[in-house]
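What follows is the residue order along each chain.
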Amino acid sequence: LNLDANDRAILEVLMKDGRASLREIAARTDLTAPTVSLHLSRMQRSGLIRGFSPVLDPVASHHISAFVKLEVPAQRTDKVAESLSKFEQITGVFVTTGKENVTVRVVADDVESLQEFVNKELSRQADVEVVSSDIVTRALKDARDVRLSDVVPMRLKCDYCHQEITANRPYNIKLGPSYLYFCCRTCRRSYLERNRAKIRSAVARIGITSLHS
Ligand SMILES: [Zn+2]
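The text that follows walks through the structure, step by step, so that each part is easy to find. (Residues numbered from 1 in each chain as written. Predicted model: local features only at pLDDT ≥ 70, side-chain atom pairs only at ≥ 80, totals over all residues. Heavy atoms only, no water.)

Pairing is antiparallel across the open sheet formed by four strands, whose spatial order is 2-3-1-4. Of all strands in the sheet, those bounded by a partner on one side alone are strand 2 (90-95) and strand 4 (129-135). Adjacent strand axes in the sheet meet at a mean angle of 20° when their direction is disregarded. When strand 1 (residues 64-71) meets strand 3 (residues 102-108), the two strands line up antiparallel, connected through seven bridges. Counterpart to Phe67 in the pairing with strand 3 is Arg105. Packing against the sheet, helix 4 (residues 77-85) makes contact with strand 1, strand 2 and strand 3, and its axis sits at approximately 170° to strand 2. Against the sheet, helix 5 (residues 111-122) contacts strand 1, strand 2, strand 3 and strand 4, and its axis sits at roughly 135° relative to strand 3. (Pairing = 2+ DSSP bridges. Helix = DSSP H or I, 4+ residues; strand = E, 2+ residues; numbered from the N terminus. Axes fitted to C-alpha atoms, helices over the stretch in contact; angles between N-to-C directions. Contact = heavy atoms within 4.5 Å.)

Here it is as structure tokens:
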């Protein structure tokens, strides 16, 4: 499976908030909800999203990860751990017992950029000594804290009759940055009729950018 830019954008939202709804993901990725839904089911079928938690397979996602052990002066661990947490490449920071008292999990596109990150960023951090760096070769279980169970089985519901929408390209109304979706032309027309005043004020405020079906 080759991840495209949309897949990555969707995963990024989900890694931050595994409970984001289809609509929330759509709003944050500038995609339509049906598009998000299609991408999600494609990633699910490919096995990239396994079961109910998004285990990012290091091979499928073209990423490698490594556990890097660091030695940090005991009185500095909290400060150092905090500043390490800010790196986008670091997906986990663990303070542990032992001489190597901080372990970070680093994600990179390939071995080269992993090494570059370790050598150019980690090693140069104040009070940090890189002790070892081990690349993950297989991830058998990696549940972390995210749950996709609320997202994946979700279906889009009609904004008028609240029935599940089965069409791949539902009727919609774009109101500024967000979309409303309808199962059929009748629901869309009924919604427009019933909400004429609301829509008129939205048009005045933000402008309807698309009213096509
Ligand atoms: Zn409907």
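Now for helix 6 (residues 185-194). For helix 6, every residue scored as buried is listed here: Cys187, Arg188, Ser190 and Tyr191. Considered in projection along helix 6, the buried side chains sweep an arc of 165° and stay on one side of the axis. (Buried < 20%, exposed > 50% of the residue type's maximum accessible area, 1.4 Å probe, protein only. Arc of directions from axis to C-beta.)

Side chains of Asp109, Asp110, Glu112, Glu116 and Glu121 sit close together on the surface and give a patch of like negative charge. Tracing the backbone shows Asp110 in the loop between strand 3 and helix 5. Judged by relative accessible area, Asp110 falls into the partly exposed class, the value being 36%. (Patch = residues over 30% accessible without salt bridge, like charges linked within 9 Å, V, L, I, M, F, W, Y side chains within 5 Å. Areas by Shrake-Rupley, 256 points an atom, 1.4 Å probe, with all protein chains shown as cover. Salt bridge = Lys/Arg side-chain N within 4 Å of Asp/Glu carboxyl O. Lys, Arg positive; Asp, Glu negative; His and termini not counted. Charge placed at Lys NZ, Arg CZ, Asp CG, Glu CD.)

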